[in-house]
Amino acid sequence: MDSLASALVATTSLGLDRSTITLVGVASLVVLMALSAFFSSSETAMFSLPRHRVEALVDDGVPGAETVAALKRDPHRLLVTILVGNNLVNIAMSSLATGLAGLYLSRGESVLAATLVITALVLLFGESGPKSYAVSNTESWALRVGPPLAYVESLIYPLVVLFDYLTRAVNRVTGGRAAIESSYVSRDEIRALIETGERAGVIEEDEREMLQRIFRFNNTIAKEVMTPRLDVDAVDVEASLDEALEACVQAGHELLAVYEGSLDNVVGVVSLRDIVRQRRYGERAGVALRDLLEATLHVPESKNVDDLLQQMREERVGMVVVLDEFGTTEGIITTEDLVEEIVGEILEGEEERPITVVDDDTVLVRGEVNVDEVNDALDIDLPEGEEFETIAGFIFNRAGRLVEVGETFRYGDVELRVERVENTRIMKARVTRLRTPDETDVDDETDG
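First, a word on scope: everything that follows refers to the structure included in this document.

Quick look at the overall build of the chain
Assigned secondary structure in the chain consists of 18 helices and twelve strands. For the chain, the proportion of its 448 residues judged to be buried stands at 38%. Of the contacts formed within the chain by residues at least 6 apart in sequence, a portion of 56% connects residues at least 24 apart. As displayed, the chain has an accessible area near 25600 Å², and 53% of this comes from carbon and sulfur atoms.

Right, here's the structure in full:
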């Protein structure tokens with residue numbers, strides 16, 4: 001900065017007066033500020049434009065799309081190009097502003113004045129404003145800045161290659177992410193946007209719930225969505241077609257697990273459709289239940305349901321058997337179970353709702369409902385342990401013994417009351433969020 005100030009002072013000896021130097025310097029600052037805005041807005045636009053949209057623009061033959069696609073093929077180098085260009089411009093602005101201020105102020109005063117003024121100008125006109133514009137006009141601005149960015153990359157290519165290598169090396173040494181060009185939008189941010197959209201009335205509550213279920217789906221395992229062994233309807237392979245038909249009708253299912261000996265040896269699945277077809281239209285005599293079996297899959301309880309759904313589609317099976325670590329049948333999963341994880345419970349006939357809202361702070365919950373669903377319903381934070389996923393499992397874990405109807409348990413500001421028990425199973429519980437006196441007073445004032 002001293003050399004730049006000295007150079008500006010030296011120009012006065014060449015016949016250039018102070019006002020001319022100032023005018024040229026201010027004009028240069030304006031140009032540099034425009035370049036800073038260009039780089040900042042380019043960064044936001046280029047990395048906010050999704051890859052699938054770039055591919056669509058290329059297919060449509062939109063001018064500039066090919067250049068944008070070429071730049072985004074190596075996003076790390078693109079980011080380095082933008083950062084190198086932006087930093088060169090900002091450093092040049094700071095140096096020039098300090099030199100200009102030095103024509104009128106002392107050295108210390110010129111440094112302070114240039115720092116404050118340039119910082120304010122860069123924040124307003126080089127960062128905030130341009131990035132806001134790029135967010136609002138991502139696609140059009142990316143197409144517009146693509147060709148100039150490609151030119152800049154070729155112009156400062158040696159610096160780009162050098163810093164591209166150095167940033168990757170630093171990331172390897174520090175253990176940081178190598179992909180610093182990753183999308184600016186994380187899963188958590190998308191979840192926050194969904195909730196904001198619901199509050200603003202852009203997204204309906206049921207749409208918000210479905211979107212949140214989609215995000216949870218990838219982190220869900222088979223044990224969390226299966227029908228537990230005690231609730232599994234199945235029939236022995238030696239049963240007659242009439243017995244299998246009756247079992248299907250009583251269970252109300254289209255598919256029925258078929259076992260040999262015990263439920264730990266499920267040998268296949270039979271469909272109500274095949275049984276009825278054989279009973280009414282079968283051309284062969286002496287067809288047994290074993291002859292109508294369809295293949296099924298056996299998967300561990302830790303199987304990711306996203307992968308499981310894909311596997312079920314590929315192998316065209318409608319039911320899978322979930323096994324524990326000892327190879328014992330722990331439950332079953334149907335395609336409907338997986339679909340319900342996204343669209344919500346699909347109730348049939350007199351089937352009871354999994355969660356019934358009593359009031360803003362209380363819900364009635366079936367025992368097999370997952371803890372995270374109860375947390376979402378009441379906006380509470382009950383923990384999920386390795387030993388349990390359901391609300392019944394949570395209560396058993398807290399009690400450490402068998403429980404009876406009417407027993408109440410407290411966890412933080414949440415009260416759980418056992419409403420129905422069959423044999424040793426908790427069938428229904430009442431979950432209540434307990435409000436503090438301050439929260440109650442606020443609600444009373446709001447209602448009033």
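Observations regarding the nonpolar core
Counting residues in hydrophobic clusters, the biggest one holds 39 residues, and the most contacted among them are Leu 29, Phe 39, Met 46, Leu 78, Met 93 and Leu 149. At ten residues, the largest contribution of residues to this core is made by helix α5 (residues 75-102). Those residues in contact with Leu 29 that lie beyond four places of it in its chain are Met 93, Leu 96, Ala 97, Leu 100 and Ile 118.

Some words on the sheet that holds strand β3 (residues 255-260)
Strand order in the open sheet made by the three strands is β2-β3-β4, with mixed pairing throughout. In this open sheet, the two strands that pair with only one neighbour each are β2 (234-236) and β4 (262-271). Geometrically, the sheet is characterised by an average inter-axis angle of 40° between neighbouring strands, direction not taken into account.

Section: the sheet that holds strand β1 (residues 227-228)
A sheet is described by the order of its strands in space; here four strands give the open sequence β1-β7-β6-β5, paired in mixed fashion. Sheet topology places β1 and β5 (297-300) at the edges, where each strand pairs with a single neighbour. Note that strand β6 (residues 319-323) and strand β7 (residues 329-334) share five bridges and pair antiparallel. Opposite Val 322, over in β7, you have Gly 331 as the bridge partner. Each of β1 and β7 touches helix α15 (residues 335-343); the most contacted strand, β7, lies at about 70° to it.

What about a nonpolar patch on the surface?
A cluster of nonpolar side chains, contributed by Leu 88, Leu 159, Leu 162, Phe 163, Tyr 165 and Leu 166, occupies part of the molecular surface with about 530 Å² of accessible area. Here the nonpolar patch takes five residues from helix α8 (residues 157-174), the largest share from any one element. The residue Leu 159 is located in helix α8 in this model. For Leu 159, a relative accessible area of 33% gives the class partly exposed.

What about the pattern of salt bridges?
This model, assessed by the stated rule, comprises 20 salt bridges. Between Arg 216 and Asp 372 there is a salt bridge, with its nearest N and O atoms 3.9 Å apart. Of this pair, Arg 216 sits in helix α10 (residues 205-217) while Asp 372 sits in helix α16 (residues 371-378), and the two are 156 residues apart along the sequence. According to the relative accessible area criterion, Arg 216 is partly exposed, its value standing at 25%.

Focus: the packing of aromatic side chains
What the rule picks out here adds up to three aromatic pairs. Ring centres of Phe 394 and Tyr 411 lie 5.7 Å apart, and the angle between their planes is 85°; this geometry places the pair in the edge-to-face category. Here Phe 394 is found in helix α17 (residues 391-399), whereas its partner Tyr 411 is found in strand β10 (residues 408-411), with 17 residues between them in sequence. Overall, Phe 394 belongs to the buried group, its relative accessible area being 1%.

With respect to the packing of helix α12 (residues 241-251) against helix α13 (residues 272-281)
Across the interface, α12 lies against α13 with an axial gap of 10 Å and an inter-helix angle of 140°. Classified by the angle between their axes, α12 and α13 sit oblique to one another. In this structure, α12 meets α13 at a crossing whose hand is left-handed. Between α12 and α13, the residues in contact are Leu 241, Asp 242, Ala 244, Leu 245 and Cys 248 and Leu 272, Ile 275, Val 276, Gln 278 and Arg 279, respectively. In terms of residue class, the contact of α12 with α13 is built from seven nonpolar, one polar and two charged.

What about unusual backbone geometry?
With the exception of glycine, the majority of residues adopt a negative phi angle, and the majority of peptide bonds are in the trans configuration. Here Arg 316, not a glycine, exhibits a phi torsion of approximately 55°, which is positive. Turning to its location among the elements, Arg 316 is positioned in the loop between α14 (305-315) and β6. A positive phi angle is found at Asn 423, which is not glycine, with a value near 55°. Within the secondary structure, Asn 423 sits in the loop between β11 (414-422) and β12 (425-433).

Describing the environment of Gly 126
You can see Gly 126 is positioned in helix α6 (residues 107-136). Exposure remark for Gly 126: the relative accessible area of 0% places this residue in the buried category. It is 8.5 Å that separates the C-alpha atoms of Gly 126 and Phe 39, two residues lying 87 residues apart in sequence.

Here we look at the pairing of β12
β12 sits mainly inside the fold: seven of its nine residues count as buried. Pairing analysis gives five bridges linking strand β9 (residues 362-366) to β12, with the strands arranged antiparallel. Within β12, the position partnered with Arg 366 by the bridge is Lys 428. When β11 meets β12, the two strands line up antiparallel, connected through eight bridges.

Some thoughts on the side chain of Glu 153
For Glu 153, the location among the structural elements is in helix α7 (residues 138-155). Comment: no salt bridge for buried Glu 153; closest opposite-charge side chain is Arg 77, at 5.0 Å. The contacts of Glu 153, once residues within four sequence positions are left out, are Leu 71, Arg 77, Thr 81 and Val 160.

Cut-offs applied
Residues numbered from 1 in each chain as written. Predicted model: local features only at pLDDT ≥ 70, side-chain atom pairs only at ≥ 80, totals over all residues. Heavy atoms only, no water. Helix = DSSP H or I, 4+ residues; strand = E, 2+ residues; numbered from the N terminus. Buried < 20%, exposed > 50% of the residue type's maximum accessible area, 1.4 Å probe, protein only. Contact = heavy atoms within 4.5 Å. Areas by Shrake-Rupley, 256 points an atom, 1.4 Å probe, with all protein chains shown as cover. Core = buried A, V, L, I, M, F, W, Y, C linked by side-chain atoms within 4.5 Å. Pairing = 2+ DSSP bridges. Axes fitted to C-alpha atoms, helices over the stretch in contact; angles between N-to-C directions. Patch = residues over 30% accessible without salt bridge, like charges linked within 9 Å, V, L, I, M, F, W, Y side chains within 5 Å. Salt bridge = Lys/Arg side-chain N within 4 Å of Asp/Glu carboxyl O. Phe/Tyr/Trp six-rings, centres within 6.5 Å; stacked < 30°, edge-to-face > 60°. Parallel < 35°, antiparallel > 145°, perpendicular 65-115°, else oblique. Left-handed = near helix turned anticlockwise from the far one by under 90°. Nonpolar A, V, L, I, M, F, W, Y, C, P; charged D, E, K, R; others polar. Lys, Arg positive; Asp, Glu negative; His and termini not counted.

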